[in-house]
Each structure stands twice: as structure tokens, then as C-alpha cells.
Amino acid sequence: MSIFYWLADAAVMAGTFARMPGWWGGERPTTFAIYSWYQSVHGVTLALLSAPIAFSIRWLGLPRPVLLAFLVATLGLVAPMAIQRSGWPIDAPVARQAWAALGYVKFFGILPLVTWVVCRAALSNNSFKPKPLRGSA
């Protein structure tokens, strides 16, 4: 899963999706406009890359798919950080720490959110378990 995170990061940084429109930042965009555009595009890219994983989790048909998605996101981020020993940027400036915190929140939240949407939007097939009528024994 962390490969998807870094792919999304690379796609946005390469400029493929990150061409900020004029209506977002105006003639001379501020630093906040640039960062907010980057974070927005990065979140959408993560959602698009999380969709196949969410559909796979839904296809498995497990009882708690959102919990599984959260566990996959946790393992996908914590395992590479433990292997590389590159955890939180402690000695970095506050702005970089806030940037990293927002990235981690997006990473932990987007896959479970997309999985929840996929599971809610999917049509359920309860033809083998019909609900009994009211008043019937």
C-alpha cells in the first residue's frame, strides 16, 4: 500500500496532475494556494489508487471490510517505516511536520473511506436469504 502512496506522490510531483488552474490561485498564487492544491490533488490521486484495493476487499466478502482496509493502510505505512527506520521527521521544521501529519492522516483515512463507499454502493444480493413478511411466523 505504501507503494501506492509514493506513486501518488510521484505523480503529483511530476506535474502530470498538479497543473494548478488560474481560478485556484489567481495570477500569483500564495504558498497556501500551492500547498492546498497539492494536498487536494494528492488526496484524489490516493483515492483513485485505493479504489482497486477497496474493490478487492469488497470482493472478499469479509464481515468487517472497513476494519480490514484500516489494517491494510496501517501495515502499508508502518512496515516500510520500520524497515527503513525513517519515521517521523523530528528534527524538521514545524511546517514539514504538519505536512507529514496531513499526509499520514490522508493515507490512513482514504482507503477505509473508499472501502466504506464501495461497500455501501455495491448492490447486495440477498436472494438466498429472503426477509420474512411482517406477521408471518
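As a starting point, this report considers the structure included with it. As the structure is a prediction and not an experimental result, all values here were calculated from the model.

1. Concerning helix α5 (residues 94-121)
With 28 residues, α5 should reach 40 Å at 1.5 Å per residue; the first-to-last C-alpha distance of 40 Å fits that figure. When the local axis directions of α5 are compared, the greatest deviation, roughly 25°, occurs at G109, which is followed within four positions by the proline P112. Of all the positions in α5, only A100, G103, Y104, K106, F107, I110, L111, P112, V114, T115 and V118 are classed as buried.

2. Examining the nonpolar core
By size, the foremost hydrophobic cluster in this structure holds 9 residues: I53, I57, A69, A73, L77, A100, Y104, F107 and L111. Elements with a contribution of two residues or more to this core: α3 (31-60), α4 (65-84) and α5. No other element matches α5, which puts 4 residues into this core. With 5 residues, the next largest nonpolar core counts L46, A54, I110 and V118 among its residues.

What counts and what doesn't
- Residues numbered from 1 in each chain as written.
- Predicted model: local features only at pLDDT ≥ 70, side-chain atom pairs only at ≥ 80, totals over all residues.
- Heavy atoms only, no water.
- Helix = DSSP H or I, 4+ residues; strand = E, 2+ residues; numbered from the N terminus.
- Expected span 1.5 Å × (residues − 1).
- Bend = angle between axes of the 7 residues up to and from the residue.
- Buried < 20%, exposed > 50% of the residue type's maximum accessible area, 1.4 Å probe, protein only.
- Core = buried A, V, L, I, M, F, W, Y, C linked by side-chain atoms within 4.5 Å.

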